[in-house]
Amino acid sequence: MEKATINQCVLTLTRNCNLRCDFCYAKETGYKENDYIIFEDLTKIVDFCNDLEINDIVLTGGEPTLYKELIKLLKYICSRKRVMSVSMSSNGIKLSNYEYCKELIDNGIKYIDISLKGNNEDNCTIISGVNCLESQLVAINNLSKLPVTLTCSMVLTKENVIGFCDVIKKAYDYGARQFSFSFVLDNNVSDKKGEEYFLSNNPCKLVDDFVSQIKMLDDITHGEWWVEYTFPLCVYTKEQLDLLEGRLASPCQIFNGLGITFDTNKRLIPCSMFINTFLGQFEKDFSSAEEFEKYSDLKHYVDSIDELKKLPSDKCKFCDLFERCNGGCPIFWKNTTFEDFNKFLIKNGR
């Protein structure tokens, strides 16, 4: 099979963050202020992306706006002969400063995603440790006035899913016009197993609660929303899948092979969720596009990717939804087996 053409690179600038979200996939990194990628190393990775003919660079963290040389990085990316579009995922706190927003955009940011946390001020504080909602809304308003594509995303949890449309309405009123949603995934290994695990991590209830508010969401956003790739599609009922037709994102870069991700230590990881799974290291295993092409053909690299793409059960291959699902995000299966999950689905009428 011919390899997919990589067209996106995710750069983890820093693990430092000014929030402490209880659902954060990277909270075990400790949000260390000194855990960041050295600027000179970033320039080499940018040159590597240029050499690899990558179209899109995504800046993430931690909180990327806390990276002290962010503007300098943007200027360097823009100085390359090849035009690479730059996007960023942010909690928006620093973007409540209009002049800072303008400086980012003047220096090449084309797309910004603001990650909403709670459905109101108190809920934000419970989830992230900070009442960040007002700053986020000001950031949204700032960005709505500038030449940048703006999306608001939200990780839906059992703490914020009921009434999530309240914050979406506020975001819309402040200028946001497109929205994406994902369902929380437990990136830590739980000491609970089987039925006990699903008592506190019920994906069906999360989906049910979300779908019950779709009409309100449509009315607020005029239909400009979608759901990111998270749960296996068997979590949804047929009626729910019909309601979500055309709104469920396709599998992530692990499955489609269209992207690469680097952490703060220049290590290649499968995606941002896999913070402790290393596929190789820049300047040790490869330094150029040509070297990467050869490295990505090596058996241990191919085997590592195949292991991540491994289905939870061979039965998945015979599911009508298989081509759209691929078994769901691999992180989902960290704390359950296919057999335990199937028993859970039957009990929940799926």
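Above this text is the structure in question.
A brief look at the structure comes next. (Residues numbered from 1 in each chain as written. Predicted model: local features only at pLDDT ≥ 70, side-chain atom pairs only at ≥ 80, totals over all residues. Heavy atoms only, no water.)

## Regarding the pattern of salt bridges
Inspection of the entire model under this criterion finds 18 salt bridges. Linked by salt bridges that have partners in common, D41, K44, K266 and E283 make up one network. (Salt bridge = Lys/Arg side-chain N within 4 Å of Asp/Glu carboxyl O.)

## Some thoughts on the sheet that holds strand β1 (residues 8-12)
Across the sheet, 10 strands lie side by side as β7-β6-β5-β4-β3-β2-β1-β8-β9-β10; this open sheet has mixed pairing. One side of each edge strand has no neighbouring strand; the edge strands of this open sheet are β7 (225-227) and β10 (280-281). Of the strand pairs in this sheet, strand β2 (residues 56-60) and strand β3 (residues 85-90) are connected by four bridges, and their pairing is parallel. The residue bridging L59 from the neighbouring strand is M88, located in β3. Along the sheet face, helix α9 (residues 214-221) touches β6 (179-183) and β7 and points at about 140 degrees away from the line of β7. (Pairing = 2+ DSSP bridges. Helix = DSSP H or I, 4+ residues; strand = E, 2+ residues; numbered from the N terminus. Contact = heavy atoms within 4.5 Å. Axes fitted to C-alpha atoms, helices over the stretch in contact; angles between N-to-C directions.)

## Regarding the pairing of β6
Within β6, five of the five residues are buried, leaving the element largely enclosed by the surrounding structure. Both faces of β6 are covered, namely the face carrying F179, F181 and F183 and the face carrying S180 and S182. Relative to β6, strand β5 (residues 149-156) is paired through five bridges, and the arrangement is parallel. Within β6, the position partnered with C152 by the bridge is F179. Read as a crossover between parallel neighbours, the route from β5 over helix α6 (residues 164-173) to β6 is right-handed. Pairing analysis gives three bridges linking β6 to β7, with the strands arranged parallel. Note on β7: the bridge partner recorded for F181 is V227. (Buried < 20%, exposed > 50% of the residue type's maximum accessible area, 1.4 Å probe, protein only. Right-handed = clockwise from strand over helix to strand, strands pointing away.)

## Let's talk about unusual backbone geometry
Here the amide bond leading from G61 into G62 is cis, since omega sits at 20 degrees, within 30 degrees of zero. Following the sequence through the fold, G62 ends up in the loop between β2 and α2 (70-79).

## Some details on α9
Along α9, the residues classified as buried are I214, L217, I220 and T221. Each buried residue of α9 lies within a common arc of 125 degrees when the element is viewed along its axis, so the set occupies one face. In the core, the buried residues of α9 are packed alongside α6, β6, α8 (203-211) and β7. The positive-phi residue at the C-terminal boundary of α9 is H222, with phi of around 55 degrees. (Arc of directions from axis to C-beta.)

Limitation: the analysis is restricted to geometry and does not speak to function.
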